[in-house]
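Survey of secondary and tertiary structure
Each chain, letter by letter, is given below.
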Amino acid sequence: MLILEGLSKTYKTGDAALRDVSLTVPKGQIMGLIGPSGAGKSTLIRCINRLVEPTGGKVLLGDMDLVRLGKADLRRQRRRIGMIFQEYALVERLTVMENVLSGRLGYVPFWRSFLRKYPPADIQRAYQLLDRVGLIEHADKRADALSGGQRQRVGIARALAQDPELLLVDEPTASLDPKTSRQIMRLLTEICAERDLPAIVNIHDVPLAQQFMQRIVGLRAGRVVFDGTPDQLTHDA
Ligand code: ADP
Ligand code: ADP
């Protein structure tokens, strides 16, 4: 479970990007984050893993406040959070399998022979994940030989290879066509349900959020202005 308490961020420029945001995301819940450009969606996601330093509030994952961690502890605790990105952030010259294993290693392997030195149990686990996202027959292809939808599946498998307690997903379908976007959203929602994982998905496509999210949170000028089900969003709008 993820709990945000009074999370705030004011950038050095004076922009108050988040103002006193409090949210609880229970296990297994996939929460869509919507709002106009500049509402604070990226800032919210980045404050959770501290790619952006919050200026106030708490980020509780389990019973640990991530905001209070020092640098060394933060590195370790970040492994509990799986990240999925709009542009996939794969290492293009490495294979699909190597990309997924990098999620488990926590660093990118520099030489291709590393597979032979890697524990067979972890390789087997990576194959299981590739099977789950429907890419097992592409395991040995270079990432740059895949379509966008396939790359995002690699991104999902890589995040899962960390055995995360939370998924943070930043505009996962912004570079994909509508049909592929729906496939990716369906995969994400199924995986969160299967693994009882909480997830926050920054999603600019409101109809897509309404179709797939159990819960939608709307941000505007750094504040939560909506928090409810997709049905409630339709009625309020
Ligand atoms: P969204 O993801 O909803 O488009 P952002 O979190 O990117 O919103 O931005 C929220 C606000 O914070 C905006 O006013 C934006 O200009 C400001 N902002 C974002 N990043 C920075 C930064 N690095 N420095 C200063 N201001 C920023
Ligand atoms: P998906 O729906 O899984 O994203 P697509 O229907 O887009 O897949 O692509 C079908 C096939 O075309 C895939 O096997 C993929 O390897 C290939 N393909 C699509 N786009 C590219 C690309 N930009 N570069 C290389 N191969 C591609």
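Here we summarise the structure given alongside this text. Remember, it's a predicted structure, so these values are computed and weren't measured experimentally. Along each chain, the written sequence defines residue order, and numbers are assigned to residues from 1. Here the convention is simple: chains get letters from A, ligands get numbers from 1, in the order in which they are written. Reporting of local features is limited, given that this is a predicted model, to residues whose pLDDT is at least 70; pairs of side-chain atoms are given and counted only at 80 or more, and all residues count toward the totals for whole chains, interfaces and linings. Heavy atoms throughout the structure, all of them, feed into the side-chain values; hydrogens and water do not.

Remarks on the pattern of salt bridges
Rules: Salt bridges are defined by distance alone: a side-chain nitrogen of Lys or Arg within 4 Å of a carboxyl oxygen of Asp or Glu. Helix numbering and strand numbering both begin at the N terminus, where a helix is a DSSP run of H or I of at least 4 residues and a strand a DSSP run of E of at least 2. Here's how the labels work: a residue is buried when its accessible area is under 20% of the maximum for its type, exposed when over 50%, partly exposed in between, all with a 1.4 Å probe on protein chains only.
Overall, the coordinates contain ten salt bridges when judged by the stated rule. Residue Glu190 pairs with Arg132 through a salt bridge whose shortest N-O separation is 3.1 Å. Of this pair, Glu190 sits in helix α7 (residues 178–195) while Arg132 sits in helix α5 (residues 120–132); the two residues are 58 residues apart in sequence, bridging distant segments of the chain. What makes Glu190 partly exposed here is its relative accessible area of 37%. What makes Arg132 partly exposed here is its relative accessible area of 29%. Here Asp227 makes a salt bridge to Arg215, at a shortest N to O gap of 2.8 Å. With Asp227 in strand β10 (residues 223–228) and Arg215 in strand β9 (residues 215–220), the pair connects residues that are twelve residues apart, well separated along the chain. Judged by relative accessible area, which is 11%, Arg215 ranks as buried. One connected set of salt bridges, linked through shared partners, spans Arg132, Glu190 and Glu194.

Here's the deal with the site of ligand 1
For clarity, the cut-off: Note on terminology: near, applied to a residue and a molecule or strand, indicates that one of the residue's heavy atoms is within 4 Å of it. The term polar contact refers here to a pair of N or O atoms within 3.5 Å; inside protein, the definition further demands a hydrogen-donor-capable atom paired with an acceptor-capable atom, and it admits residues adjacent in sequence only when both atoms are side-chain atoms. Surface exposure here means Shrake-Rupley accessible area, sampled with a 1.4 Å probe, where a residue is shielded only by the protein chains that are shown.
Within the structure, ligand 1 sits among Tyr11, Thr13, Asp15, Ala17, Pro36, Ser37, Gly38, Ala39, Gly40, Lys41, Ser42 and Thr43. Between Tyr11 and ligand 1, the recorded distance is 3.4 Å, taken from a side-chain N or O atom to a nitrogen atom. Lys41 has a polar side-chain atom sitting 2.8 Å from an oxygen atom of ligand 1. Isolated, ligand 1 exposes 560 Å² of accessible area, and the fraction of that covered by the protein chains is 62%. Here the shell around ligand 1 gets three residues from one element, more than from any other, and that element is helix α1 (residues 41–48).

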